[in-house]
Amino acid sequence: MKNKFMFEVILISTSLIIINLILMVNLIKAQKKLITQQDDFQAEVKKSFQASNQLFNAELKRVNEVSVAQIESLFSIFSILKPQFPLPTTRGWAASPDLLKEIISLTHRQKPQLVVEASSGVSTLIIAYCLQRLGTGKLISLEHEEKFAQVTQNNLSLHGLDDVAIVIYAPLVEVEINGAKWLWYDLTKVEIPEAIDLLIVDGPPGTTQKLARYPAVPMLHKKLSKDAMVLLDDGARSDEAKIVEQWMEELKMSHAEYLPLEKGAYLIQM
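Residues numbered from 1 in each chain as written. Predicted model: local features only at pLDDT ≥ 70, side-chain atom pairs only at ≥ 80, totals over all residues. Heavy atoms only, no water.

Engineer: I would appreciate a short explanation of the overall build of the protein in the present structure.
Structural biologist: The helix and strand tally for the protein stands at 6 helices and 9 strands. A buried classification covers 39% of the 270 residues belonging to the protein. A separation of at least 24 residues holds for 67% of the contacts in the protein among residues at least 6 apart in sequence. For the protein, the exposed surface amounts to about 16000 Å²; the carbon and sulfur share of it is 60%. (Helix = DSSP H or I, 4+ residues; strand = E, 2+ residues; numbered from the N terminus. Buried < 20%, exposed > 50% of the residue type's maximum accessible area, 1.4 Å probe, protein only. Contact = heavy atoms within 4.5 Å. Areas by Shrake-Rupley, 256 points an atom, 1.4 Å probe, with all protein chains shown as cover.)

Here's what the structure looks like:
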């Protein structure tokens, strides 16, 4: 009886030892697996951090380059035109300095007798200053927001540019082009002479409708001179790229050049 009891004790003890050994082995395996997972996680975090850091540095470099380009453009604008009073902001919805510099260069090369602008603002003043400096040419600026039209007209008066430029309040109305309905500036009360030498399209806002600026050339095509140039802002947007494609296809315009400005732009030749 005693031997049987001792045998059972030994058997139980042995079983417990085996169980403990199995538990220890499993625990060691689990610890090794956890360590491996931690190493993998740390490696993944490090890799992700490095990738994010590279993206951040690339974006920071791009922003710095853009900022320098805009500052350089502003220096060119002020040194060439020498405005009498402070100009409106060139941030947000307004035309960027590099686009304004392009407008100055284009205006001085083309020496347009008539410039029409879709949307008004700081660009209106820049164009008017260019025409005043050239001593020739007139500007008609279309604006669908009455308060903005008045602000821009007041700025023209402040800068002494009333004699070369006028802002027309032209609310957006439904027009039909090739059987399709569009919203564009109301031209029923606007007298736009023929022979537009330079058409600058920076409105209406892209949120107005899909391909919001498409109507500009079809609506004014018959008034464009044979050597007219069209400058379309916000060329980096997909809508503007599509608009240029349609203009080129439908109206047989001769050449379109993409300008790598802050917001992108297209320069199109009739």
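Engineer: Just checking my understanding: could you explain the sheet that holds strand S6 (residues 196–201) for this structure?
Structural biologist: Sheets are built from strands paired through backbone hydrogen bonds, the pairs being either parallel or antiparallel. As summarised here, the arrangement of the 7 strands in space is S3-S2-S1-S6-S7-S9-S8, forming an open sheet in which the pairing is mixed. What marks the edges here is a single partner per strand, and that holds for strand S3 (165–169) and strand S8 (255–259). Along the sheet, successive strands turn relative to each other by an average axial angle of 15 degrees, direction set aside. Here strand S2 (residues 138–143) pairs with S3 via 5 bridges, running parallel. (Pairing = 2+ DSSP bridges. Axes fitted to C-alpha atoms, helices over the stretch in contact; angles between N-to-C directions.)

Engineer: Looking at this model, I keep getting lost on helix H3 (residues 122–134). Mind explaining?
Structural biologist: Since one α-helical turn is 3.6 residues long, residues separated by three or four positions face the same way. Taking 1.5 Å as the rise per residue, H3 with 13 residues should run 18 Å; its terminal C-alpha atoms sit 19 Å apart, in good agreement. Counting buried positions along H3 gives 10 out of 13 residues, so the element sits mostly inside the fold. Listing the buried residues of H3 in full gives Val122, Ser123, Thr124, Leu125, Ile126, Ile127, Ala128, Tyr129, Cys130 and Leu131. Just downstream of H3, Gly135 is the residue with a positive phi angle, here 80 degrees. (Expected span 1.5 Å × (residues − 1).)

Engineer: Looking at this structure, how should I read a nonpolar patch on the surface?
Structural biologist: Taken together, the side chains of Ile17, Leu21 and Met24 define a hydrophobic patch exposed on the protein surface, amounting to about 300 Å² of accessible area. Relative to the assigned elements, Leu21 resides in helix H1 (residues 2–81). (Patch = residues over 30% accessible without salt bridge, like charges linked within 9 Å, V, L, I, M, F, W, Y side chains within 5 Å. Salt bridge = Lys/Arg side-chain N within 4 Å of Asp/Glu carboxyl O.)

Engineer: In this structure, what is going on with the pattern of salt bridges? I would like to understand it.
Structural biologist: Per the counting criterion, the structure on display carries 9 salt bridges. Here Arg91 makes a salt bridge to Glu262, at a shortest N to O gap of 2.8 Å. Within this pair, whereas Arg91 is found in the loop between H1 and helix H2 (97–110), its partner Glu262 is found in the loop between S8 and strand S9 (265–269), the two being separated by 171 residues in sequence. Accessibility expressed as a relative area gives 41% for Arg91, which makes it partly exposed. A salt bridge links Arg213 to Asp202; the nearest nitrogen and oxygen atoms lie 3.5 Å apart. Taken as a pair, Arg213 in the loop between S6 and helix H5 (216–220) and Asp202 in the loop between S6 and H5 lie far apart in primary sequence, 11 residues in all. The network of salt bridges with shared partners includes Asp202, Arg213, Asp234, Arg237 and Glu240.

Engineer: What should I look at first to understand the environment of Pro83 in this one?
Structural biologist: By secondary structure assignment, the location of Pro83 is in the loop between H1 and H2. By relative accessible area, which is 17% here, Pro83 ends up buried. Separated by 46 residues in sequence, Pro83 and Tyr129 place their C-alpha atoms 7.7 Å apart. Residues within four places of Pro83 in sequence aside, it is in contact with Phe78, Tyr129 and His159.

Engineer: What exactly am I supposed to notice about the packing of H2 against H3 here?
Structural biologist: Packed helices, taken two at a time, are described by the angle between their axes plus the distance between the axes. Between H2 and H3, whose axes approach to 10 Å, the crossing angle comes to 30 degrees. The angle between H2 and H3 places the two elements in the roughly parallel class. The handedness of the crossing between H2 and H3 is right-handed. Of H3, the residues touching H2 (which contributes Leu100, Ile103, Ile104, Thr107 and His108) are Val122, Ser123, Ile126, Ile127, Cys130, Leu131, Arg133 and Leu134. (Parallel < 35°, antiparallel > 145°, perpendicular 65-115°, else oblique. Left-handed = near helix turned anticlockwise from the far one by under 90°.)

On their own, these measurements won't tell you what the molecule is for.
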